[in-house]
Amino acid sequence: AQKVTQAQTEISVVEKEDVTLDCVYETRDTTYYLFWYKQPPSGELVFLIRRNSFDEQNEISGRYSWNFQKSTSSFNFTITASQVVDSAVYFCALSEAGRDDKIIFGKGTRLHILP
Amino acid sequence: KAGVTQTPRYLIKTRGQQVTLSCSPISGHRSVSWYQQTPGQGLQFLFEYFSETQRNKGNFPGRFSGRQFSNSRSEMNVSTLELGDSALYLCASGQGEMGSSYEQYFGPGTRLTVT
């Protein structure tokens, strides 16, 4: 069965610190997609990244980086030199391509960046 | 290109009433998915419509229904509202090809409060 686990419900760090948000997933399929979304207080889900199951290369986008490891079924997200504007709820999600188009979300991690 | 729009943004209803929420997808997108977000259950998939047909459905009671019009706009309806239906309802629009869930773009949501 599909499942996404974000064990950290809430994290607080001081501005400029690095922070890693953990995500562990379960799926029976060999072809799947993984996502990270950011949800600021306004409520709208902001797409950050998607990876397909055949691409294990780590990705860096500015201060954001993602570590995808199939061996441990993890897709962790790191923010380097955090800023107050990074404060939000972050969701990791999974979709099994070809089976259906629904996205299964983790419970989310609420990130507080303290000035 | 305009994003996904949802109306109304906020809604207050009384238990037992019914409510209709509207979603206009990105121009050219044919798939509309609906998600419910609550503090307790997180983000959960409700259903997806493609070309006026329900293509996929989550585990929600029959009180939750939806439809899609020929212009791809979608509505979801909740009848006999319960207090537990209070949630943020998010709509996502996509190209619609099966397996393209990674191309879903979310709207700002409708916050429904049931009193």
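Residues numbered from 1 in each chain as written. Chains lettered and ligands numbered in written order. Predicted model: local features only at pLDDT ≥ 70, side-chain atom pairs only at ≥ 80, totals over all residues. Heavy atoms only, no water.

**Quick notes on the nonpolar core**
Counting residues in each nonpolar core, the largest one holds 24 residues, and the members touching the most others are Trp36, Trp66, Phe75, Phe77 and Tyr90 of chain A. Of the residues forming this core, the biggest block, four residues, is contributed by strand E10 (residues 88–95) of chain A. Those residues in contact with Trp66 of chain A that lie beyond four places of it in its chain are Trp36, Leu48, Ile49, Asn58, Glu59, Ser61, Phe75, Asn76 and Phe77 of chain A. The next biggest cluster of nonpolar side chains, apart from the first, holds 21 residues, and it includes Ile26, Leu46, Phe60 and Ala87 of chain B. (Core = buried A, V, L, I, M, F, W, Y, C linked by side-chain atoms within 4.5 Å. Buried < 20%, exposed > 50% of the residue type's maximum accessible area, 1.4 Å probe, protein only. Helix = DSSP H or I, 4+ residues; strand = E, 2+ residues; numbered from the N terminus. Contact = heavy atoms within 4.5 Å.)

**A few points about the packing of aromatic side chains**
This model, assessed by the stated rule, comprises 19 aromatic pairs over all chains. With 5.2 Å between their ring centres and 50 degrees between their planes, Tyr25 of chain A and Tyr32 of chain A make a pair best called tilted. The buried category is assigned to Tyr25 of chain A, whose relative accessible area is 3%. Relative to Phe106 of chain B, the ring of Tyr37 of chain A lies with its centre 5.4 Å away and its plane at 85 degrees, an arrangement referred to as edge-to-face. Taken together, the residues span two chains, with Tyr37 of chain A in strand E5 (residues 33–39) and Phe106 of chain B in strand E10 (residues 105–106). When its relative accessible area of 5% is taken as the criterion, Phe106 of chain B is described as buried. Connected via pairs of aromatic rings, a cluster forms that spans Phe35, Tyr37, Phe47, Phe91 and Phe105 of chain A together with Tyr35, Phe45 and Phe106 of chain B. (Phe/Tyr/Trp six-rings, centres within 6.5 Å; stacked < 30°, edge-to-face > 60°.)

**A short note on the sheet that holds strand E8 (residues 74–78) of chain B**
All names here are of chain B. Here four strands make up an open sheet; going across it, the order is E1-E3-E8-E7 and the pairing antiparallel. Both outer strands of the open sheet, strand E1 (5–7) and strand E7 (64–68), are each paired with one neighbouring strand and no more. The average angle at which neighbouring strand axes cross in this sheet is 20 degrees, direction not considered. Note: E1 against strand E3 (residues 19–24), three bridges, orientation antiparallel. Pairing of Thr5 across the sheet is with Ser24, part of E3. (Pairing = 2+ DSSP bridges. Axes fitted to C-alpha atoms, helices over the stretch in contact; angles between N-to-C directions.)

**Side note on the side chain of Gln39 of chain A**
Inspection of the secondary structure assignment puts Gln39 of chain A in strand E5. In this structure Gln39 of chain A comes out as buried when scored by relative accessible area, which is 8%. Here Gly43 of chain A takes part through its backbone oxygen, which lies 2.7 Å from a polar atom of the side chain of Gln39 of chain A. Sequence-distant contacts of Gln39 of chain A, that is, excluding residues within four places in its chain, are made with Glu44, Leu45, Ala88, Val89 and Phe91 of chain A together with Gln37, Leu88 and Leu90 of chain B. (Polar contact = N/O pair within 3.5 Å; in protein donor to acceptor, adjacent residues only side chain to side chain.)

**Some details on the pattern of salt bridges**
Close approach of charged atoms lets side chains of opposite charge pair. All names here are of chain B. Enumeration according to the criterion identifies eight salt bridges over all chains in this entry. Among the salt bridges present, the one from Glu82 reaches Arg63, with a minimum N-O distance of 3.6 Å. With Glu82 in the loop between E8 and strand E9 (87–94) and Arg63 in the loop between strand E6 (53–57) and E7, this pair connects stretches of sequence that are 19 residues apart. Put simply, Glu75 and Arg73 hold a salt bridge, and the shortest N to O gap is 3.3 Å. Here Arg73 falls in the partly exposed class, since its relative accessible area comes to 23%. (Salt bridge = Lys/Arg side-chain N within 4 Å of Asp/Glu carboxyl O.)

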